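Below, each chain spelled out in residue letters.
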Amino acid sequence: MDSPLLMRIILFRLYLSLSLVQSRSYTSSQKIQLPGDSLSLSVTDFGATGDGIHYDTSAIQSAINACNHHYTSSSSSICRVTFPPGTYLTAKLHLRSGVLLEVTENAVLLGGPRIEDYPGETSSEWYVVVANNATDVGITGGGVIDGQGSKFVVRFDERKNVMVSWNQTGACLGDECRPRLVGFVDSTNVQISNITLREPAYWCLHIVRCENASVHDVSILGDFNTPNNDGIDIEDSNNTLITRCHIDTGDDAICPKTYTAPLYNLTVTDCWIRTKSSAIKLGSASWFEFKGLVFDNITIFESHRGLGMQIRDGGNVNGITFSNMNISTRYYDPSWWGRAEPIYITTCPRGSSSTEGSISNLLFVNITIVSENGVFLSGSPNGLLTDIKFKNMNITLRRWSHYTSGLVDYRPGCQGLMNHSSTAGIIMEHVNGFSVENVDLKWSDDNLNDWNVPLEFRPSTVNNVSFVGFSSGLLHEIV
């Protein structure tokens, strides 16, 4: 693998394990280093108009292909495909090895809204820009890639938009048949930096079975009311670094998944997130292991859920750290999964043919939470939560909405929505090993009938619990 990235990840993890101090600001200067540049080609030299009306697909693809030819015939030196200021309407583009797509400031790469813009036998092949089996490849430049997501809305709704679905083609089933914005599939040495990804119709940035990917200084701006509008989905990939990203979108913001292989060594730092779903979520696709993930120095702002795990397909989770975070969550609408849980860790079988995965060795440290729901830690009889540690945390529970309290959301699978009659500060079930050190839980006086259970668990399913420096009481605000 790329040695600077490997050393970067090793040093960061060593530092984190040794220090983990409050209010630490961590920044990185070392990212994936692509081979040195030797050629730059402008898409306008290949006939692109940049008027936003006529399709520039052929011209852009020709520039990419020429750059790739240079890379393969010139000792692997990177070639840049540049976009001068303008709006470049395009159908699906194939990014190739040795090509750095440089969308400059005041340039917009605009994805087409027509079904014929996205050829492919299945919807998994629908992207505005995609790299397949590429090496030394990336996107940068300071400009914008726009998926025109608003053109895929059938009915705008402040609660949740109703989206178009191209399922009539037979390329997919259900209501999620729309093109993704950017994808890197089966690729190595990937760099996405200094770019805005805007208005995806479906998932925004998709990293699939990749080795050594770096995502930094990227803004993801989706529609806050659009479902399946994920920010970054990392699937079956290893040695991924995400840093200094701003994600404001409707669905899960950072979402590791395992479909066909394990996911190892994901590091996420210095990000700001707002979403109507989960800010960070492992799963729900979880057929293989998640191991060695670090999430540090992250702000989660007024999101529907904070930190989540939905393990449903038999894969195991081990060795995950969440540190130095500020989290605020609120309950937006019942049409979205979740109930504003700041931390939501669950494992159960997706269906009758699924197996139960386990979750172990989770560390939550130096975290401040303001939420209108409590923490939910739920294993299953054959998929226990083991060795969960909370350290140096402040949790404040305060209501913003007027929805019924006490409902617990297990979806997908499991038990669906269950009524626990009141909101607990921390709910635990099927847990073996939960330790608390220096955790302060405060309750607002909005409606004390809703806030009367600091801890909820049954000794028959919860064992080896330790509390050191735990306090709980009414919040006294200074007016």
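Residues numbered from 1 in each chain as written. Predicted model: local features only at pLDDT ≥ 70, side-chain atom pairs only at ≥ 80, totals over all residues. Heavy atoms only, no water.

With that out of the way, let us pick up the pattern of salt bridges. Taken as a whole and assessed by the stated rule, the structure comprises 16 salt bridges. In this structure, the salt-bridge partner of aspartate 146 is arginine 198, at a minimum N-O distance of 2.8 Å. Taken together, the residues span a long stretch of sequence, with aspartate 146 in strand 10 (residues 144–146) and arginine 198 in strand 14 (residues 188–198) at a distance of 52 residues. Arginine 198 sits in the partly exposed class, given a relative accessible area of 29%. Close ionic contact of arginine 399 with glutamate 372 constitutes a salt bridge, the shortest N to O distance being 3.2 Å. Remark: glutamate 372 occurs in the loop between strand 27 (359–371) and strand 28 (375–378) and arginine 399 occurs in the loop between strand 29 (385–397) and strand 30 (407–409); sequence separation between them is 27 residues. Just as arginine 399 is buried, glutamate 372 falls in that class too. Among the ionic contacts, a cluster of salt bridges with common partners joins Arg114, Glu116 and Asp117. (Salt bridge = Lys/Arg side-chain N within 4 Å of Asp/Glu carboxyl O. Helix = DSSP H or I, 4+ residues; strand = E, 2+ residues; numbered from the N terminus. Buried < 20%, exposed > 50% of the residue type's maximum accessible area, 1.4 Å probe, protein only.)

In the predicted model, the chain carries a mean pLDDT of 90, and the fraction of residues at 70 or more is 91%. Taken as a whole, residues 17–30 scores under 50 in pLDDT and shows 28 contacts with residues more than four places along the chain or in a different chain. (pLDDT = per-residue confidence, 0-100. Contact = heavy atoms within 4.5 Å.)

To continue, consider the packing of aromatic side chains. Scanning all chains against the criterion turns up 17 aromatic pairs. Geometrically, the ring pair formed by phenylalanine 224 and tyrosine 332 is edge-to-face, given 5.3 Å between the ring centres and 80° between the ring planes. Note that phenylalanine 224 is positioned in the loop between strand 16 (211–221) and strand 17 (232–235) and tyrosine 332 in the loop between strand 25 (317–329) and strand 26 (343–347), a separation of 108 residues in sequence. Each member of the pair, phenylalanine 224 together with tyrosine 332, is buried. Centre to centre, the rings of phenylalanine 376 and tyrosine 410 are 5.2 Å apart; their planes meet at 85°, and the pair counts as edge-to-face. (Phe/Tyr/Trp six-rings, centres within 6.5 Å; stacked < 30°, edge-to-face > 60°.)

This paragraph deals with the nonpolar core. By size, the foremost hydrophobic cluster in this structure holds 103 residues, and its most contacted members are Phe184, Phe295, Phe364 and Phe390. When near neighbours in sequence (up to four residues on either side) are disregarded, phenylalanine 390 contacts Ile343, Phe364, Val375, Leu377, Ile426, Phe434, Ser435, Val436, Glu437 and Val439. In this structure, Phe376, Val408, Tyr410 and Ala424 belong to the second largest nonpolar core, which totals 6 residues. (Core = buried A, V, L, I, M, F, W, Y, C linked by side-chain atoms within 4.5 Å.)

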